[in-house]
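Letter by letter, the chains look like this.
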Amino acid sequence: MSACTPQALMGANFTTYRIGGPLEEAYQPAGEAEMIAVLQETRRSGKKLTVLGWGGNSIIASRGISGVTVITRKLDWVEPKFLTRIAFGAGVHLAKSASAALKQSLTGGEYMIGIPGTIGGAIRMNAGALGQETAEVVRSVNLFNLQTGEVETWLPEQLGFSYRKSSIDPQRHIILSAELEFQPGDAAKISEMMEQSVAFRKTHHPKEPNGGSVFKNPSKEMPAGRLMEELGAKGVWREGGVMVSPLHGNFIVNVDNGTSTDVLKLMLRMKRAIHEHYGLDAHPENLFLGDATEEEIALWRELTGSQ
Ligand SMILES: Cc1cc2nc3c(=O)[nH]c(=O)nc-3n(C[C@H](O)[C@H](O)[C@H](O)COP(=O)(O)OP(=O)(O)OC[C@H]3O[C@@H](n4cnc5c(N)ncnc54)[C@H](O)[C@@H]3O)c2cc1C
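Here's a quick rundown of the structure. Just so it is clear, the model here is predicted, and its values are computed rather than measured.

Procedures and definitions
- Residues numbered from 1 in each chain as written.
- Predicted model: local features only at pLDDT ≥ 70, side-chain atom pairs only at ≥ 80, totals over all residues.
- Helix = DSSP H or I, 4+ residues; strand = E, 2+ residues; numbered from the N terminus.
- Rg over C-alpha atoms; globule rule 2.2 N^0.38 Å.
- Buried ≥ 20, exposed ≤ 12 C-beta atoms within 10 Å, placed from the backbone.
- Contact = placed C-beta atoms within 7 Å.
- Near = placed C-beta within 6 Å.
- Core = buried A, V, L, I, M, F, W, Y, C linked by C-beta atoms within 7 Å.
- Pairing = 2+ DSSP bridges.
- Axes fitted to C-alpha atoms, helices over the stretch in contact; angles between N-to-C directions.

1. Thoughts on the overall build of the protein
For step 1, the next point in the chain: Across its full length, the protein holds 7 helices and 19 strands.
For step 2, the next point in the chain: Relative to the globule expectation of 19 Å for 307 residues, the C-alpha radius of gyration of the protein, 19 Å, shows essentially globular dimensions.
For step 3, the next point in the chain: Principal-axis analysis of the C-alpha atoms gives the protein an extent of 50 × 50 × 30 Å.
For step 4, the next point in the chain: When the 307 residues of the protein are sorted by exposure, 45% land in the buried category.
For step 5, the next point in the chain: Counted over contacts in the protein with a minimum sequence separation of 6, partners at least 24 positions apart contribute 66%.

2. Section: the site of the ligand
For step 1, the next point in the chain: Contacts to the ligand come from 33 residues, most closely from Gly-53, Gly-117, Gly-120, Gly-121 and Gly-212.
For step 2, the next point in the chain: For the shell around the ligand, the secondary-structure elements that each account for two or more residues are strand E3 (49-52), helix H3 (119-125), strand E9 (128-129), strand E13 (173-181) and strand E15 (210-213).
For step 3, the next point in the chain: Considering each element in turn, the shell around the ligand owes the most residues, 5 residues, to H3.

3. Observations regarding the nonpolar core
For step 1, the next point in the chain: Within the largest apolar cluster, 81 residues are counted, with the highest numbers of intra-cluster contacts made by Ile-123, Val-141, Ile-175, Ala-178, Ile-252 and Val-263.
For step 2, the next point in the chain: Broken down by element, this core gets its largest block of residues, 6 residues, from helix H6 (residues 260-278).
For step 3, the next point in the chain: Excluding anything up to four places from it in sequence, Val-141 contacts Ile-123, Trp-154, Leu-159, Ile-175 and Ala-178.

4. Re helix H2 (residues 94-103)
For step 1, the next point in the chain: When we look at burial in H2, the residues that qualify are Leu-94, Ser-97, Ala-98, Ala-100, Ala-101 and Leu-102.
For step 2, the next point in the chain: In this fold, the buried residues of H2 make contact with strand E6 (78-80), strand E7 (85-89), strand E8 (106-107), H3 and helix H4 (187-204).
For step 3, the next point in the chain: Following H2 by one or two positions, Ser-105 has its phi on the positive side, about 55°.

5. Quick look at the pairing of strand E11 (residues 138-145)
For step 1, the next point in the chain: When E11 meets E13, the two strands line up antiparallel, connected through 7 bridges. For Val-141, the partnering residue across the bridge sits in E13 and is Ala-178.
For step 2, the next point in the chain: Relative to strand E12 (residues 150-154), E11 runs antiparallel, the two being bridged by 5 bridges. Paired with Leu-143 across the two strands is Glu-152, which belongs to E12.
For step 3, the next point in the chain: Taken together, E11 and the strand that follows it, E12, pair antiparallel across an intervening segment of 4 residues, in which Gly-149 is found at a positive phi of about 80°.

6. As for the sheet that holds strand E16 (residues 238-239)
For step 1, the next point in the chain: The 4 strands are arranged E15-E18-E17-E16 in an open sheet whose pairing can be described as antiparallel. Each of the sheet's edge strands pairs with one partner strand only, and the pair in question is E15 and E16.
For step 2, the next point in the chain: Against the sheet, H6 engages E16, strand E17 (242-244) and strand E18 (251-254), with an angle of about 25° to E17.

7. Here we look at the sheet that holds strand E2 (residues 22-27)
For step 1, the next point in the chain: Spatially, 4 strands are ordered E1-E2-E5-E3 in an open sheet, and the strand pairing comes out mixed. The open sheet has two edge strands with one neighbour each: strand E1 (7-10) and E3. When the angles between neighbouring strand axes are averaged without regard to direction, this sheet yields 45°.
For step 2, the next point in the chain: Bridge count for E3 against strand E5 (residues 65-71) is 4 bridges, and the pairing is parallel. By the bridge assignment for E5, Val-51 is matched with Val-70.

Shown next, in the form of structure tokens:
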């Protein structure tokens, strides 16, 4: 038995889209021992497991998530190691990790400042901005392997990082903590870079609930946001309660009680238009989690090109 008791929570309260139905059996472990106990119990029961960090890249199904959902936000400890190394719990918010690096005058973590996410989510997604990405700073990751029931330490070469991708399969590899390594820097310059990033996001990112970039950029020269702007989608294309943000063509905003189906439908319209007008394949950056309807399964299949 785990010391952590299950809660009935709404997914919408744990995603930046503010979309998502009931989480059948949700846990918010307060420390690593509790987290491992929940994961061991889930492994024994054979129930389906879903891991959620900040929900900054996740579309949770409006029908919700059955089985066990583990929310990592309370695993938010920070421990400076050597001069340039810092260890983080998987649930540390990226603004907090950026500040921890700044506090030690370390550069390389400035990109984290404006990204709504956790260390675990950033590793899984290889999150990045400002020409920096998570792959460059990760030195080791401690994870629970649901297949073996063991805690393992993975080194960067096992993490298979590429653009917004890693080899972490969240249904099997649950990140508990990670050690990141930064470079000695100048606190004033680090701080200035962070302030500029925050100021840029304030004016260029929407205030309404959203999940960040819905598509990976088809190419560096052809960012998805610009393509959508050229197609006249910004602030115009709409599906149910969601629309393409008037501020950023690759962001979908939830303006009127949008559902997961609304988001997927609008994404598909965007993907088809990019293909039709530019001959490019847009691949989703957002992930879809939970109990999909038949319609959503078909939409997601077309969006991801999976069978
Ligand atoms: C306004 C806005 C701006 C954004 N800007 C950027 C940006 O500049 N750059 C960028 O890269 N992204 C950006 N994002 C997207 C998002 O914030 C990042 O992808 C972030 O890393 C997601 O982290 P999370 O904890 O929210 O992940 P979640 O959405 O909670 O989860 C994402 C995936 O990671 C898995 N996961 C989460 N925690 C763990 C864990 N401990 N172990 C194993 N798997 C785990 C989940 O199961 C899921 O598959 C932005 C989002 C928003 C809303």
